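# Commentary on secondary and tertiary structure
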Amino acid sequence: MPRTYATALAAALLALSAVPARGQSAPATDEAGGPAAQGWRPVPGKLMTRWAKEVSPTNARTEYPRPQLTRPRWRNLNGLWDYAIRPKIDSAQPDVAGPDAGKPNAGPPATAPAAAPAAPAAFDGKILVPYPVESALSGVGKTVGPGKALWYRRSFTVPAEWRAGGQRVLLHFGAVDWQSTVTLNGKSVGTHRGGYDPFSFDVTDQLSAGGEQVLTVAVLDPSDAGYQPRGKQVRNPQGIYYTPSTGIWQTVWIEPVPATYVRSLAVTPDANKNEVRIAAAVGGAAGGATLSAVVLDGDKEVASAKGAVGSNLVLKVPDAKRWSPDAPNLYGLRVTVGGGAGAAAAAGTPAGETVESYFAVRKLSVAKDAAGVPRLMLNDKFLFQYGPLDQGFWPDGLYTAPTDAAMKYDLAVTKRLGFNMVRKHVKVEPATWYHACDEMGLLVWQDMPSGDRGIGPNAAEDFKRSPESVATYEREWANIIEALRPFPSIVMWVPFNEGWGQSDTARIAELTKKLDPTRWVDNASGWADRGVGDVLDLHVYPGPAPSAASVRKRGERAMVLGEFGGLGLPVKGHSWQDEKNWGYRSFTTPDALTDAYLGLLARLHPLVGTPGYSAAVYTQTTDVEIEVNGLMTYDREVIKMDEARTAAAARRLYGPPPVVTEVVPDARAAPIAWRYAIEKPADGWEKPAFDDAAWQTGPAGFGTANTPGTTVRTEWKGKDIWVRRTFDLPAAAAVDRLHLSLYHDEDAEVYLNGVPAATVTGYTTEYALVPIRPEALKALKPGGQNTIAIHCLQRTGGQYIDAGIVEVK
């Protein structure tokens, strides 16, 4: 049965309680302990997370891997395997994609397996599965690339009771990147192509009569030399592209099933009718079998139905509780398949089984609000969606989080920082990740991992894939959707990102909707929108305002900000490398980063009203390799910004768009006199008592006339300018709601009554709302005279500085 939201939240809070304070490091790993004694240790010299010390050959992702369809008996095959890297054998290991062999959730391959390839006579050493061979936690840390094969081998035993009474044994792989050829005891099992979708084989016929079973897997992964979906993996990592994750990177496991068993469940809730439709794909001898289902609210049975296998059961759920980020209600589901004319039944052994699952009742739609703006509606209500771009990389495990607790920590921090959504970016996670989102109440936008080549931001036509590339993409995308369909947290499918592999967009959007008509479809996140799907998805860095031309493309679709932000701060000792890191816009202190982030959110909130964003995605959850624009460092040791202020700002986005009222006017209202200097003044220039009698006087704003959107009344052409003035703050001013109305080109430091109020970098193209630091708000004197002082630094191009103060309700 699924855990309750309270249980999930308690577990998340327990994980958070062990987090070091901001800026502190976790204790060093004791390398003299058990793992090394077993012949394995992480590759030295790599950035590690605090969870790496918990990983060992006996503790490598031991959690149950398939929460959407559970059985009590299973065996985890993670741990130490033999590995070897050898030249690829072309005849036995083709690089081109063919018919899929292993389908998600069980069963024999779709095509007869070819002859088993010959394994190496000797292996190179040990690898810890399920960590990619390039990762530190694998214990190997080597690359493979095109032209080579990565071989795995391990032995295991099968309990005798698993083979009695006509039972079958299934072998499951959570994910292997990219092509996997599986043999058992020298007998070919099958081949699977696809690095992100789970696959399974019935290996009963390949098992030996008793004793050790020898499992061998040969993997090919051309990385960015091939056309297959690969996400951000490249052979030469740099910028926004990262180290490959070759081979087994999710859990490998086996389980027994009866002669008649549940292969998969299709569970379709209908919020309008308060009902759920259930169908089961049944494996083995299903003739004459029956299907029954029970819906549970906690331990209480609330609905049940029974019918023949192959029929759709419809269960009424009285007053069904809706699922949402604030109330992630989950219903338990118990499904039984019974009877059947299989060998077990004929022999007098009962056939059939009972499996456990869960579901949620929620409704997704696009509808116009009272102002006529198309909106993403959850349960017939507009809920603004705000989440981070989550790439799912780890410094020690690459694609694989070191532990289940580590994986859930990212989600717990996401929730704690005020987000209600996550965009899973060009990667697919293990089923347990989505289950955690279901329990915690995090909406998920799911990308298809990118592959092949791309098109530019303004490309008039889509990329033309080869027939082989098209077949590979569509097969894996369909498999991913099938595998992830059970998870109610997933609300959006995103087949293309920024033109990468973007081909035949309208048809792919239609195909995606046909594969799953219950969720929204984003035809292309960023760049080349083709006017189809449920949303217009814009990328604006740092953002967040859209161009007028972009807004006109919306039509009857909702408009979302699929990426913005990307504010960077390298933190020494917690980065992939100490120098030459990269971010869309970089800062040097946590305070400056916090100010800039809050400024983005202050500008974003009014845009929810007009022109009407329905969602926004901030780049990104963590640093990834040399990309340092994460909310957290790559090792998850430092949350870079002030948590209380950022969480409060995020939660404000879910309320009504703000009403902005002028309190202290800026240059747009009148020619207001400021004192100014273009030579560096004496220390204390920002203090109210500073003597500025030697400074010049001029009306704001200050800058050059060619700077767009400005009101220049005093020309300033130099590198630096210092400006200050006094103002009266009304006695009735709501100090806690005050913001700066600031136009800066470029970097600026703002002080109120001598207290730092904000630090901004770069430039704006209009007056922007900038939150004022709490300590500066406390320094203000309602009903009295106050001082505002600004230093602005010009670097290149146009230049301008001006400020006022507004109240934001």
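Residues numbered from 1 in each chain as written. Predicted model: local features only at pLDDT ≥ 70, side-chain atom pairs only at ≥ 80, totals over all residues. Heavy atoms only, no water.

Counting secondary structure elements, the chain contains 11 helices and 44 strands. By the compact-globule yardstick of 28 Å for 809 residues, the chain fits well, its C-alpha radius of gyration being 29 Å. For the chain, the C-alpha atoms occupy an extent of roughly 100 × 60 × 50 Å along the three principal directions. For the chain, the residues scored as buried account for 60% of the 809 residues in total. Looking at the chain as shown, the accessible area adds up to about 29800 Å², and 52% of this sits on carbon and sulfur atoms. (Helix = DSSP H or I, 4+ residues; strand = E, 2+ residues; numbered from the N terminus. Rg over C-alpha atoms; globule rule 2.2 N^0.38 Å. Buried < 20%, exposed > 50% of the residue type's maximum accessible area, 1.4 Å probe, protein only. Areas by Shrake-Rupley, 256 points an atom, 1.4 Å probe, with all protein chains shown as cover.)

Here we come to the nonpolar core. A general trend in soluble globular proteins is that nonpolar side chains are found buried together. Residues Y386, F564, Y597 and L601 are the most contacted members of the largest nonpolar core, which totals 96 residues. Among the elements that take part in this core, helix α9 (residues 590-609) stands out by supplying 10 residues, more than any other. In contact with Y597, other than residues within four places in its own chain, are Y386, F419, L567, Y618, M641 and T646. Ranked by size, the runner-up nonpolar core spans 38 residues in total, among them A667, F702, W716 and V770. (Core = buried A, V, L, I, M, F, W, Y, C linked by side-chain atoms within 4.5 Å. Contact = heavy atoms within 4.5 Å.)

Another point: helix α5 (residues 431-440). Judged by how many residues are buried, α5 sits mostly within the fold: 10 of 10 residues are covered. Taken residue by residue, α5 has A431, T432, W433, Y434, H435, A436, C437, D438, E439 and M440 as its buried positions. After α5 finishes, the residue G441 shows a positive phi value of roughly 85 degrees.

Side chains bearing opposite charge may pair, as long as their charged atoms lie close to each other. Going through the model one piece at a time under the given rule, you end up with 42 salt bridges. Taking the shortest distance from any N to any O, the salt bridge between R153 and D82 comes out at 3.1 Å. Here R153, found in strand β4 (residues 148-156), pairs with D82, found in strand β2 (residues 79-87); they are 71 residues apart in sequence, far enough to count as distant. Accessibility expressed as a relative area gives 15% for D82, which makes it buried. Put simply, R66, R71, E255 and E353 are held in one network by salt bridges that share partners. (Salt bridge = Lys/Arg side-chain N within 4 Å of Asp/Glu carboxyl O.)

On to unusual backbone geometry. Look at the link from D177 to W178: it is a cis peptide, with omega at 10 degrees. With respect to the helices and strands, W178 occurs in the loop between β6 (176-177) and β7 (179-184). Here G543 and P544 are connected by a cis peptide whose omega angle stands at 10 degrees. Of note, P544 is situated in the loop between β28 (535-540) and α8 (548-551). Not every positive phi belongs to a glycine, and R61 is a case in point at roughly 50 degrees. Position of R61 among the secondary structure elements: in the loop between α2 (34-37) and β1 (75-76). The backbone of D504 sits at a positive phi, close to 50 degrees, despite the residue not being glycine.

As summarised here, the arrangement of the six strands in space is β35-β34-β38-β43-β40-β41, forming an open sheet in which the pairing is antiparallel. The strands lining the two open edges of the sheet, one partner per strand, are β35 (696-699) and β41 (755-760). Across this sheet, the average inter-strand angle for adjacent strands is 25 degrees, counted without regard to direction. (Pairing = 2+ DSSP bridges. Axes fitted to C-alpha atoms, helices over the stretch in contact; angles between N-to-C directions.)

What follows deals with the packing of aromatic side chains. Evaluation of the coordinates by the stated rule reveals 32 aromatic pairs. With a centroid separation of 4.9 Å and 70 degrees between ring planes, the pair formed by Y242 and F393 is classed as edge-to-face. Here Y242, found in the loop between β10 (213-220) and β11 (247-248), pairs with F393, found in the loop between β23 (385-390) and α4 (404-416); they are 151 residues apart in sequence, far enough to count as distant. Feature note: the residues Y196, Y242, W249, F393 and Y399 constitute an aromatic cluster, connected by ring pairs. Note that R636 overlies the ring of W394, its terminal NZ or CZ placed 3.5 Å from the centroid. Lying over the aromatic face of Y767, R668 brings its terminal NZ or CZ to 3.8 Å of the ring centre. (Phe/Tyr/Trp six-rings, centres within 6.5 Å; stacked < 30°, edge-to-face > 60°. Lys NZ or Arg CZ within 6 Å of the ring centre and 35° of its normal.)

Restricting attention to buried positions, one finds in helix α7 (residues 505-515) the residues T505, I508, A509 and T512. With its buried residues spanning 100 degrees around the axis, α7 presents them on a single face. Along α7, exposed side chains directed more than 90 degrees from the buried face belong to E510 and K514. Tucked inside the fold, the buried residues of α7 contact α6 (467-484), β26 (490-494) and β27 (520-521). (Arc of directions from axis to C-beta.)

Within the fold, S324 resides in the loop between β17 (313-316) and β18 (331-338). Under the relative-accessibility criterion, S324 is labelled buried at 17%. Expressed as a C-alpha distance, the spacing of S324 and Q577, which sit 253 residues apart in the sequence, is 40 Å. When sequence neighbours within four positions are dropped, the list of residues in contact with S324 reads L378, N379 and G441.

We now examine the environment of W477. Inspection of the secondary structure assignment puts W477 in helix α6. Ignoring anything within four residues of it in the chain, the contact list for W477 reads Q446, D447, M448, W493, V494, P495 and T512.

Attention now moves to the confidence of the model for the chain. Taken as a whole, the chain shows an average pLDDT of 91; of its residues, 91% reach a score of 70 or greater. Throughout residues 1-37 the model reports pLDDT below 50, and contacts reaching past four residues in sequence, or to other chains, amount to 53 contacts. This model gives residues 343-349 a pLDDT under 50, and the stretch forms six contacts once residues within four places in sequence are excluded. (pLDDT = per-residue confidence, 0-100.)

A word on the packing of α9 against helix α10 (residues 643-652). Contact geometry of α9 with α10 gives a least axis separation of 10 Å together with a crossing angle of 10 degrees. Relative to α10, the element α9 lies roughly parallel. Facing T594, D595, Y597, L598, L601 and H605 of α9, the residues of α10 in contact are R645, T646, A649, A650 and R652. (Parallel < 35°, antiparallel > 145°, perpendicular 65-115°, else oblique.)

Another point: the sheet that holds strand β20 (residues 364-368). Read across the open sheet, the three strands follow the order β20-β21-β22; overall the sheet is antiparallel. Both edges of this open sheet fall to β20 and β22 (381-382), since each of them pairs with a single strand only.

Its location among the elements puts T403 in the loop between β23 and α4. At 3.0 Å, the side chain of T403 and the backbone nitrogen of A406 are in polar contact. (Polar contact = N/O pair within 3.5 Å; in protein donor to acceptor, adjacent residues only side chain to side chain.)

On a regular strand, each side chain points to the face opposite its neighbour's, so the side chains alternate between the two faces of the sheet. With respect to burial, strand β39 (residues 738-745) is a largely interior element, eight of its eight residues being buried. Covered by surrounding structure in β39 are L738, L740, L742 and H744 together with H739, S741, Y743 and D745, the residues of both alternating faces. Bridging between β39 and strand β44 (residues 800-808) involves eight bridges; their strand directions are antiparallel. By the bridge assignment, Y743 is partnered in β44 with D802. Pairing analysis gives four bridges linking β39 to strand β42 (residues 768-771), with the strands arranged antiparallel. Across the sheet, the residue bridging to L742 is A768, located in β42.

For T181, the position within the fold is in strand β7. What makes T181 buried here is its relative accessible area of 6%. At a separation of 3.3 Å, a polar atom in the side chain of T181 contacts the side chain of T191. In this view, T181 contacts P117, G190, T191, T216, V217 and A218; residues no more than four positions away in its chain are not counted.

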